[in-house]
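# Topology and contacts: notes
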Amino acid sequence: MGYVFVYIAFAACLISTILYAMASRGNEKVVKFARMFFHLSIIMTISSAAFLLYLIITHQFDYTYVWSYSSKDLPFNLLMSTFYAGQEGSFHLWAFMMAVLGIFVLSFLIARDRDYEANHHTTFKERYEPLVMLVFASIQTMLLFTLILKSPYLKVWESFPGDVQLGFVPEDGRGLNPLLQNFWMTIHPPILLAGFSSLAVPFCFAIAALIKNNYSRWMKLALPWTLFSGMVLGVGIMLGGFWAYGVLGWGGYWGWDPVENSSFVPWIVIIAAIHTLVGEEKTGKFKKTSLILCILGFVLVLYSTFLTRSGILGDASVHSFVDPGQEVYIFLVAFLGFYLLLGLGLILYRIKSLGSPAKETSEMLSRESALFIGAVTLCASALVIGVGTSWPIFSQGTVDPAFYNKMNLPLAIMIAAVNGISILLAWKHNNSQRFLKSLYLPITLTVVTSVALAIFAIRDVLILALAATSIFSFAINLQIILKLISNKTIKAGPYIAHLGIMVLFLGIIGSSKYSVEENLALPLDEPKEALGYTLTYKGATPIRDEKSADEKYHFNVVVEKDGKGYLLQPVMFYSEYSKGIMKNPDIANLGIKDIYLAPMSLEVGSPYTEQDIVKFEKGQELDVKGLKIKFIDFDRSKFSQDKMMSGEENIIGAQLEITVDGKTETVIAEQHLAEGHTDPIPVKVPGKDNYTLYLTQMAVDGAPSAFIAVSDKPEGVADDKETLVLSASIKPLINLVWGGTIIMAIGFFIALLNRRKAFLGEKKVAEKVTHHSDHSHSNGNGHASNGHSSNGHKNVQHKKHQH
């Protein structure tokens, strides 16, 4: 039945695409049939999604997809999240989101075209529905074809011919990756894919406008959908960061991973598009820029899909899917190539007609000029991140996260400064005296705050500049918001969104630049001082979960300071699914900061102490116990990805350069991996036989780093006391990151409400004008029937026909 749903959905959508192509050439009669087949495709797509969900919930393990990602021990919410745990399901979720979105897009187009025809007395050729739905339905057709190539409805004996007998039904499924067994992963992928899907709508409007070669309406139609995309995709991205922070245990929320970046770049581009669309609406400028950005936004979504699902980033990203097979790979290239060439081809074809309107005298110091500078800066950031993200395609390895931080910091400073200045400027012409006067308060506040920060907290000049410009923009946006709220209007949405971004910037400064971290070994019941707190390991307690096959343990750590205590319970357990040790951090939220404990290992008889463990970032050289040690890179010469996935024995190492008495030698410190357990392999220091090196831990997310224990204990000598080894860190202002995201989303939502309110207001005015015009025509008809022509009006019947 699943195949039937997908094939009917694909065929109906393909027919709808063809019929909309005919309608776009002026054939009005086929529109109702195009709508009918599109609705049929929607019904079948939703039915297929419901059927797949039914198979998962009822444990139909004879289906390979159900067997691969679900199991009987999963709770209901996690069982539902297995729908999109694999390639096939995530493609299906995308098609489902497009189907649901299509209902609203079609209704939106029908209503807008009807109102426009009624108020402007236009003909069928002026409608946007045929062209927009032609492009939208073609995209959905492509996605449904992907479900035919990569079907979630294969049986296990079809997936493993020769190994599995016909009709065999497994007793249970393989289960869900433990890292995905988290509440946030039940909502992060659907929201992210809703954002990806919604970016198709501005793209469709841009293509329709280019084909029509008429740009008078498209920005008003596209802008609400662009705002919706910015809101939903932004929230989806940050939910992924929140999941990474609370689950992965490396202490951060953004590691510049290529897959993370591939969803971030389209968001940056669509934010730039929002601003140029507003500029186009107000001044008639930036037409070409807005069209290009709306096209690139969706094309970059397709590029993101290609990077994530083609298997290209398999060795560069922990988030990447495996190779989907040659057919899907070729189709993804064709999918991306077709819409890229379509968009850029139409831009080039219409390049002459996309010239700027008759130039008005416009000052350089105007809102539209500042807005354009901001959009260009955003695009520069997107370009930097895009090039770094694509690097694994052309070269081995990935770009160091420091590259992104270094390149984007000046751009973030400019974005914050331009945002604050642009708001105080007027459109087209600006009153310089009024503008300068409006700067007094925010500049005074910024200078006072920046001086205080420079004296007491921040020493880095660029970080101080980012903090200063963020505070400057925050003050201006807050001032405008308070003024608008006092006037009881809902026009504060854009300023609230900007304010949220500035809060987010301040949170990023505090939580990343001023985070402090310390590695500890906590022997049972022995208090240790670290980061201004007293930490005591109180032993492990099992987590009762009758459904789970894994034995999970809380490792209880009491954190105390000034008479206040917090019980933190990081988790470690051996996962049968991944055949490895899974580690989850625990966090104490103290309002202005977080205490973050990430477990590393449980040692009984360790040959080294926590004081022996030193963190080395890639390329970093440190003096440790009289030795100069430099971490060059990870050594993967004995490592096999396939062995890791199957749980077989594996070895990974860290290449170190050690300088003793002026002589430098290369040493490989290795770690043995077997059945999910990690065991450092001791290696002697050349020229210093009394020193032994141990590779205790590695971090591949964020900045690549190795944790090396340099011990002077004789090999084989160890303490017998149970010891919890963990990483403890303080994350200042981390809540500003999450709070800024929420404020930003609220701003987007209010801006959408304001757009709807403005449209309804315009609609009422237009209806009044039309009603008055019809009333006047009726009076004119009365005079004409008596043989008199009133002011040269034509016959009313002819007028009604034109309407």
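Scroll up a little and you will see the structure.
So, here's what we can say about the structure. (Residues numbered from 1 in each chain as written. Predicted model: local features only at pLDDT ≥ 70, side-chain atom pairs only at ≥ 80, totals over all residues. Heavy atoms only, no water.)

Quick look at unusual backbone geometry now. Look at His59: it is not a glycine, yet its phi comes out positive at around 60°. Turning to its location among the elements, His59 is positioned in the loop between helix H2 (31-57) and helix H3 (64-69). Taking the relative accessible area as the measure of exposure, His59 reaches 26% and is therefore partly exposed. A positive phi angle, close to 55°, is found at Asp562, a residue other than glycine. Tracing the backbone shows Asp562 in the loop between strand E4 (552-561) and strand E5 (564-568). (Helix = DSSP H or I, 4+ residues; strand = E, 2+ residues; numbered from the N terminus. Buried < 20%, exposed > 50% of the residue type's maximum accessible area, 1.4 Å probe, protein only.)

What follows concerns the pattern of salt bridges. Scanning the entire structure with this criterion turns up 14 salt bridges. A salt bridge links Glu28 to Arg127, with the nearest nitrogen and oxygen atoms 3.5 Å apart. Here Arg127 lies in the loop between helix H5 (87-120) and helix H6 (129-149) and Glu28 lies in the loop between helix H1 (2-24) and H2, a separation of 99 residues in the sequence. Using a relative accessible area of 17% as the deciding quantity, one classes Arg127 as buried. Across the pair Glu517 and Lys615 runs a salt bridge, and its minimum N-O distance is 3.4 Å. Of this pair, Glu517 sits in strand E1 (residues 516-523) while Lys615 sits in strand E10 (residues 613-617), and the two are 98 residues apart along the sequence. Within the structure, one salt-bridge network assembled from shared partners comprises Lys220, Glu281 and Arg755. (Salt bridge = Lys/Arg side-chain N within 4 Å of Asp/Glu carboxyl O.)

With antiparallel pairing, 4 strands are arranged side by side in an open sheet as E1-E19-E9-E8. For this open sheet the edge positions go to E1 and strand E8 (586-589), each flanked by a neighbour on one side alone. Neighbour to neighbour, the strand axes of the sheet diverge by 20° on average, direction disregarded. The sheet contact formed by strand E9 (residues 593-604) and strand E19 (residues 722-732) spans 11 bridges and is antiparallel. Along E19, the bridge assignment pairs Asp594 with Lys731. (Pairing = 2+ DSSP bridges. Axes fitted to C-alpha atoms, helices over the stretch in contact; angles between N-to-C directions.)

Before going further, it helps to examine the nonpolar core. A general trend in soluble globular proteins is that nonpolar side chains are found buried together. In this structure, Ile139, Phe205 and Trp218 are the most contacted members of the largest nonpolar core, which totals 140 residues. The contacts of Ile139, once residues within four sequence positions are left out, are Met98, Ala200, Phe203, Cys204, Phe298, Phe335 and Tyr339. Of all hydrophobic cores here, the second largest spans 21 residues; its members include Phe634, Val685, Tyr691 and Ala706. (Core = buried A, V, L, I, M, F, W, Y, C linked by side-chain atoms within 4.5 Å. Contact = heavy atoms within 4.5 Å.)

In this model, helix H9 (residues 200-212) (13 residues) spans 18 Å end to end at C-alpha, consistent with the 18 Å of a helix rising 1.5 Å per residue. Judged by how many residues are buried, H9 sits mostly within the fold: 11 of 13 residues are covered. Within the span of H9, buried status applies to Ala200, Val201, Pro202, Phe203, Cys204, Phe205, Ala206, Ile207, Ala208, Ala209 and Leu210. Just downstream of H9 lies Asn213, where phi reads positive at about 60°. (Expected span 1.5 Å × (residues − 1).)

Buried residues dominate strand E18 (residues 705-711), accounting for 7 of its 7 residues. Two elements, E10 and E18, share 5 bridges in a ladder whose sense is antiparallel. Residue pairing across strands places Val614 opposite Ile708, the latter belonging to E18. Note: strand E17 (residues 688-699) against E18, 7 bridges, orientation antiparallel. Residue Ala699 lies in a different strand from E18, and its bridge partner there is Ser705.

Time to look at the packing of H9 against helix H12 (residues 287-309). Where H9 meets H12, the closest approach of the two axes is 8 Å, and the angle between their N-to-C directions is 135°. The pairing of H9 with H12 is recorded here as oblique in orientation. The crossing of H9 and H12 is left-handed. Touching Ala200, Pro202, Phe203, Ala206, Ile207, Ala209 and Leu210 of H9 are Leu291, Cys294, Ile295, Phe298 and Val299, all from H12. Among the residues making up the contact of H9 with H12, the classes are represented as 12 nonpolar, no polar and no charged. (Parallel < 35°, antiparallel > 145°, perpendicular 65-115°, else oblique. Left-handed = near helix turned anticlockwise from the far one by under 90°. Nonpolar A, V, L, I, M, F, W, Y, C, P; charged D, E, K, R; others polar.)

Okay, H2 next. A rise of 1.5 Å per residue sets the reference length of H2, with its 27 residues, at 39 Å; its end C-alpha atoms lie 39 Å apart and thus fit the reference within 8%. Looking one or two residues beyond H2, the residue adopting positive phi is His59, at roughly 60°.

Turning to the side chain of Thr305, a few remarks are in order. By the secondary structure assignment, Thr305 is in helix H12. Thr305 has contacts with Phe91, Trp94, Ser310 and Leu332, leaving out every residue within four places of it along the chain.

Attention shifts here to the environment of Tyr303. Secondary-structure assignment places Tyr303 in helix H12. In this structure Tyr303 comes out as partly exposed when scored by relative accessible area, which is 23%. Each C-alpha atom, one on Tyr303 and one on Ser390, is 9.9 Å from the other, the two residues being 87 residues apart in sequence. If near-sequence neighbours (up to four positions away) are discounted, Tyr303 is found in contact with Leu336, Ser390 and Ile393.

This paragraph deals with the packing of aromatic side chains. Under the criterion given, the structure shown has 34 aromatic pairs. Here Phe10 and Phe145 contribute two aromatic rings whose centre-to-centre distance is 5.7 Å and whose plane-to-plane angle is 40°, an arrangement assigned as tilted. Remark: Phe145 occurs in helix H6 and Phe10 occurs in helix H1; sequence separation between them is 135 residues. Residue class for Phe10 comes out buried when judged on its relative accessible area of 18%. Classification of Phe145 as partly exposed rests on a relative accessible area of 30%. (Phe/Tyr/Trp six-rings, centres within 6.5 Å; stacked < 30°, edge-to-face > 60°.)

To continue, consider a nonpolar patch on the surface. A cluster of nonpolar side chains, contributed by Ile443, Val447, Val451, Ile455 and Phe456, occupies part of the molecular surface with about 500 Å² of accessible area. Mapped onto the fold, Val447 is located in helix H16 (residues 432-456). (Patch = residues over 30% accessible without salt bridge, like charges linked within 9 Å, V, L, I, M, F, W, Y side chains within 5 Å. Areas by Shrake-Rupley, 256 points an atom, 1.4 Å probe, with all protein chains shown as cover.)

Once that is clear, we can look at the environment of Leu673. Tracing the backbone through its elements, the reader meets Leu673 in strand E14 (residues 663-674). On the basis of relative accessibility, which here comes to 18%, the residue Leu673 falls in the buried class.

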